[in-house]
Amino acid sequence: MGGGMERINILLAGVGGQGIITMGKMIGNAAVNSGIKVFVAETHGLSQRGGSVQVHIRIGNVMAPLIEKGKADYIVGLEASEALRNLSYAGKGTVFILNKQTIKPVVPKVNTPDLEIVLQRLHGFRYYLVDGERIARDAGNPKGSNAVLIGFMVGMGFFGEMQKKAFEMAMITDPNVRCFNAGYAEAMTAKKTDAPEKIVTG
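Summarised in this report is the structure supplied together with it. In this text, all values refer to a predicted model and were calculated from it rather than measured experimentally.

A word on the overall build of the chain
Point 1. Scanning the chain from terminus to terminus reveals seven helices and six strands.
Point 2. Starting at the N terminus and walking to the C terminus, you meet the elements of the chain as β-α-β-β-β-α-β-α-β-α-α-α-α.
Point 3. Each of the 202 residues in the chain was classed as buried or not, and the buried ones make up 50%.
Point 4. The long-range fraction of contacts in the chain, counting pairs at least 24 apart against all pairs at least 6 apart in sequence, stands at 67%.
Point 5. Taken as a whole, the chain presents about 9400 Å² of accessible surface, with 52% of it coming from carbon and sulfur.

Details of the side chain of S81
Point 1. Tracing the backbone through its elements, the reader meets S81 in the loop between strand 4 (72-77) and helix 2 (82-85).
Point 2. There is a polar contact of 2.7 Å between the side chain of S81 and the side chain of E79.

Things to note about the nonpolar core
Point 1. Ranked by size, the top nonpolar core spans 42 residues in total, and within it I10, L12, I59, I97, I150 and F159 carry the most contacts.
Point 2. In terms of residues, this core owes the most to one element, helix 5 (residues 145-155), which gives seven residues.
Point 3. Dropping the residues within four chain positions of it, I97 is found in contact with Y74, I75, V76, G77, Y128, V130, L149, F152, M153 and F158.
Point 4. Core analysis: the second largest hydrophobic core is formed by 18 residues, L11, L98, L122 and L129 among them.

A closer look at the pattern of salt bridges
Point 1. Counted according to the given criterion, the structure contains four salt bridges.
Point 2. For D131, the salt bridge identified is with R134, shortest N-O distance 3.9 Å.
Point 3. When the shortest N-O distance is used, the salt bridge between E168 and K164 registers 3.1 Å. Here E168 pairs with K164, and both are found in helix 6 (residues 164-169), just four residues apart, close to one helical turn.
Point 4. Judged by its relative accessible area of 26%, K164 falls in the partly exposed class.

Some details on helix 1 (residues 20-33)
Point 1. In this model, helix 1 (14 residues) spans 20 Å end to end at C-alpha, consistent with the 20 Å of a helix rising 1.5 Å per residue.
Point 2. Those residues of helix 1 that sit buried are I20, M23, G24, M26, I27, G28, A30 and A31.
Point 3. Two residues or fewer past helix 1, G35 is found with a positive phi of approximately 75°.

A short note on the pairing of strand 6 (residues 126-130)
Point 1. Across the five residues of strand 6, four count as buried, placing the element largely inside the fold.
Point 2. Sheet topology note: the strand 5 (residues 90-99)/strand 6 ladder contains five bridges and is parallel. Note on strand 6: the bridge partner recorded for L98 is L129.

Cut-off values and rules
Residues numbered from 1 in each chain as written. Predicted model: local features only at pLDDT ≥ 70, side-chain atom pairs only at ≥ 80, totals over all residues. Heavy atoms only, no water. Helix = DSSP H or I, 4+ residues; strand = E, 2+ residues; numbered from the N terminus. Buried < 20%, exposed > 50% of the residue type's maximum accessible area, 1.4 Å probe, protein only. Contact = heavy atoms within 4.5 Å. Areas by Shrake-Rupley, 256 points an atom, 1.4 Å probe, with all protein chains shown as cover. Polar contact = N/O pair within 3.5 Å; in protein donor to acceptor, adjacent residues only side chain to side chain. Core = buried A, V, L, I, M, F, W, Y, C linked by side-chain atoms within 4.5 Å. Salt bridge = Lys/Arg side-chain N within 4 Å of Asp/Glu carboxyl O. Expected span 1.5 Å × (residues − 1). Pairing = 2+ DSSP bridges.

The following block contains the structure:
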């Protein structure tokens with residue numbers, strides 16, 4: 001299975017304290033569980049609460065850990081406005097998966113664009129908006145929005161041949177598994193809509 005899988009490039013963008021590094025590890029472990037080659041590279045070391053964090057995930061027949069500019073298949077904004085900071089990685093076919101949350105930065109005089117502005121800037125791209133915090137809360141794990149977004153992406157079929165079971169095994173804790181399955185269910189609902197820009201409000 002390992003070498004021949006089509007390449008998938010995923011860029012995770014968020015802020016410290018959101019569990020974005022854990023999110024990268026969970027996806028990486030799911031690939032390992034599937035017997036598929038994977039690189040997971042954290043490129044910003046600012047993982048203290050409030051600092052920008054970026055994780056590159058490359059799955060399949062890949063030789064280098066970092067995604068080239070313009071080559072991301074998926075950009076995941078665990079904090080929605082962080083997706084904009086990483087627009088240089090987007091190409092024509094890039095799909096954005098955005099958590100509804102925007103977090104005010106800890107740095108003074110730095111403004112975070114609100115969700116409407118983020119969505120305006122993404123005009124022309126296909127995107128999905130997921131209310132990760134609400135879904136995670138409803139699943140009994142308020143800090144599990146990272147697992148919700150992974151479940152959503154698996155439900156949408158964004159991981160190719162990788163199986164749902166491989167991700168469930170990678171979720172570390174039972175509360176994360178619940179969040180993962182809640183995100184997966186959200187994707188099943190989203191697939192029933194036909195809008196060109198599928199917006200999931202939860």
